[in-house]
Amino acid sequence: MMRLPVIAFAMITVFLASCNSEESIVYAPVPNIAQIISQSPNFSTLNAAVTKAGLGSALATTQNITVFAPDNAAFAASGITSIDALTATQLQGILGYHVVPQRVGSAAVPVSDTVKTLTGLNIFASRNVNGVFTNGIKVKSADMLGSNGIIHTIERVLIPSIKSIATIATEDTTLSFLVAALTKVGLAPTFAGPGKFTVFAPTNAAFRASGITDVNALPNVILEPILKGHVIGTNVFASDLVNNMTAPNLNATSLTITTTPAATVKITGSSQTAANITATNILATNGVIHKISRVIIP
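Residues numbered from 1 in each chain as written. Predicted model: local features only at pLDDT ≥ 70, side-chain atom pairs only at ≥ 80, totals over all residues. Heavy atoms only, no water.

*Asks:* Which parts of the structure should I look at to understand the packing of helix α3 (residues 44-53) against helix α6 (residues 88-96)?
*Replies:* Working note: a packed helix pair is described by the angle between its axes plus the distance between those axes. Running from N to C, α3 and α6 point in directions that differ by 120 degrees, and their axes come no closer than 8 Å. When the axis of α3 is compared with that of α6, the two are oblique. Where α3 crosses over α6, the handedness of that crossing is left-handed. Across from Leu46, Ala49, Val50, Lys52 and Ala53 in α3, the residues of α6 making contact are Ala88, Leu91, Gln92 and Leu95. (Axes fitted to C-alpha atoms, helices over the stretch in contact; angles between N-to-C directions. Helix = DSSP H or I, 4+ residues; strand = E, 2+ residues; numbered from the N terminus. Parallel < 35°, antiparallel > 145°, perpendicular 65-115°, else oblique. Left-handed = near helix turned anticlockwise from the far one by under 90°. Contact = heavy atoms within 4.5 Å.)

*Asks:* Got a minute to help me understand the sheet that holds strand β10 (residues 245-248) in this structure?
*Replies:* As a general point, the strands of a sheet are linked pairwise by backbone hydrogen bonds and lie either parallel or antiparallel. Overall, mixed pairing links the 7 strands, which are arranged β9-β8-β14-β13-β12-β11-β10 in an open sheet. Single-partner strands in this sheet number two, and they are β9 (231-232) and β10. Bridge count between strand β8 (residues 197-202) and strand β14 (residues 287-292): 6 bridges; the pairing is parallel. Counted as the bridge partner of Thr198 is Val288 from β14. (Pairing = 2+ DSSP bridges.)

*Asks:* When you look at the packing of aromatic side chains in this model, what are you seeing that I'm missing?
*Replies:* According to the stated counting rule, one finds 3 aromatic pairs in the structure shown. Centre to centre, the rings of Phe191 and Phe197 are 5.1 Å apart; their planes meet at 70 degrees, and the pair counts as edge-to-face. Phe197 shares its class with Phe191; the two are buried. (Phe/Tyr/Trp six-rings, centres within 6.5 Å; stacked < 30°, edge-to-face > 60°. Buried < 20%, exposed > 50% of the residue type's maximum accessible area, 1.4 Å probe, protein only.)

Here you go:
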């Protein structure tokens, strides 16, 4: 009878033991997004909202989605301590605004752009040295992988705007000088339509501080470039502001923005005193408004 060498016999024994060991391992399936939300104590409020809205099945079976998920702390920070006062329809609109119908890892979030959600409304996404943001709200934990998509945990609940920049400005009595100026030069319809504008909006007091008490007294050839100089053609939230950053405006010049010791904005290269940014992140369907303390003049 032929005998195997001792070394060969030992190798076969190890191989067989290894095979038997691998066969005994049970790999747990990767949970889907609905399961991740339902199984995490930090998402208990979100899970209750998903359940009441009847969206559990959709989050379990819809493929290739990205969810910007507010945890319990995010609901509390947004002033939402209970979902009892919200109807299923309201929750469907809010929650759908947190879901993007494609996989978007944190590294793939655009530097500054709009991203369409399941509701058909845009969220304004950005990525910079400060982190990843949507509508200026920070992603505090990114790239949690589910079998059917990705979850990014965010610091606050996203509430969609239903008003354009033009509508918000028209309804704000402190911006009536700006609205009159935009109407005079024919720019008001621009800010009522689609876009991703950032408007540094001088208040009525800002116009007066700059010596302008009647916008109708200024010829359009002077007024129009001044107004365009206050607008950036992409979304820039307070979270996107970096000290001494510059950004092109609609007047083919650029704005310089500082964040220390205070947030200010001015025309790049201008000797004029910079305008203080006094209110930030007023969200519109087509962009964002920041109020400022002076008219920005080259």
